[in-house]
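Each chain, written out:
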Amino acid sequence: MKRRDFGQHCGLARALELVGERWALLIVRDLTVRPKRYTDLLNGLPGIPTNVLSTRLKELEQAGLVERRIAPAPRRGVLYALTSAGHELEPAVLALGRWGATQLDEPRPGDIVTPESVTMSLRGVFDPDAAAGLTASWEIRSTGLVLHAVVTDGRLEAGVGPTPDKPDLVITFEPNEHDLPSYRALVQAARCGLVELDGPRALLDTFLRVFAPPQPALPEETPDMPIPQSPGAR
């Protein structure tokens, strides 16, 4: 299968040859959260043509980043999952996501939010310094969304679905729209008190401190330039 070749002996160029095609990193993002069936990937990436998804999966398999697995009982069929080399992409994906979040404006018409994208936002904004020595668990609920964030002695495990054990705090958001709210919208609602809590209020403050999203980049102001004067001006 023909792949883009930049003709440079450079790590970044090689990375782009492997995962720089359109949709490839979003497929990696979703598989970083959990293995998925082909139809799950298709449903979670509205707008991707079926032939493009098939092509990207084949390319990622050939690159040794994705593999096929048999779904365990009682599920049947094939799951796509990241290999160990594929999982090594997570820090790069999180770093790109953090940077991209600073470039986001208001949602555009048709923009969607998925459980996987919110999960990766949780992982990306997690501040290990602020969480040093912390052990606590949160379950985040909203329309069509249940996520968990479990911090054990400063180490994070975040994913789709309820917490493995009873969470220390359940945070329930009730957005006005039917679509999933963005992570930034969820945090803003929490800061404004527009959430329901089941557990200690102090753990909401801890959550907002440990999972604070990056601030959008502000446009640089152009300094006022002196108005040039004609040679005869006084």
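Everything that follows concerns the structure shown earlier in this document.
Residues numbered from 1 in each chain as written. Predicted model: local features only at pLDDT ≥ 70, side-chain atom pairs only at ≥ 80, totals over all residues. Heavy atoms only, no water.

Moving on to the pairing of strand 4 (residues 145-152). Counted residue by residue, strand 4 has six buried out of eight residues, so it is predominantly covered. The pairing of strand 3 (residues 136-142) with strand 4 spans seven bridges and is classified as antiparallel. In the strand pairing of strand 4, Ser137 is matched with Val150. Between strand 3 and strand 4, which pair antiparallel in sequence order, lie two residues; one of them, Gly144, sits at a positive phi of approximately 70°. Of the pairings in the sheet, the one linking strand 4 to strand 5 (residues 155-160) comprises six bridges and is antiparallel in character. Within strand 5, the position partnered with Val151 by the bridge is Leu156. Connecting strand 4 to the antiparallel partner strand 5 that follows it, the hairpin turn spans two residues, and Asp153 within it adopts a positive phi of roughly 50°. (Buried < 20%, exposed > 50% of the residue type's maximum accessible area, 1.4 Å probe, protein only. Helix = DSSP H or I, 4+ residues; strand = E, 2+ residues; numbered from the N terminus. Pairing = 2+ DSSP bridges.)

Moving on to helix 7 (residues 115-125). Most of helix 7 sits out of view: ten of its eleven residues are buried. When helix 7 is considered as a whole, its buried residues turn out to be Pro115, Glu116, Ser117, Val118, Thr119, Met120, Leu122, Arg123, Gly124 and Val125.

Turning next to the packing of helix 2 (residues 24-33) against helix 6 (residues 90-101). Where helix 2 contacts helix 6, the two axes come as close as 10 Å, and the packing angle between them is 110°. As summarised for this structure, helix 2 and helix 6 are arranged roughly perpendicular, according to the angle between their axes. Between helix 2 and helix 6 lies a crossing whose hand is left-handed. Of helix 6, the residues touching helix 2 (which contributes Leu25, Val28, Arg29 and Thr32) are Glu90, Val93 and Leu96. Each residue belonging to the contact of helix 2 with helix 6 can be placed in one class, and the counts come to four nonpolar, one polar and two charged. (Axes fitted to C-alpha atoms, helices over the stretch in contact; angles between N-to-C directions. Parallel < 35°, antiparallel > 145°, perpendicular 65-115°, else oblique. Left-handed = near helix turned anticlockwise from the far one by under 90°. Contact = heavy atoms within 4.5 Å. Nonpolar A, V, L, I, M, F, W, Y, C, P; charged D, E, K, R; others polar.)

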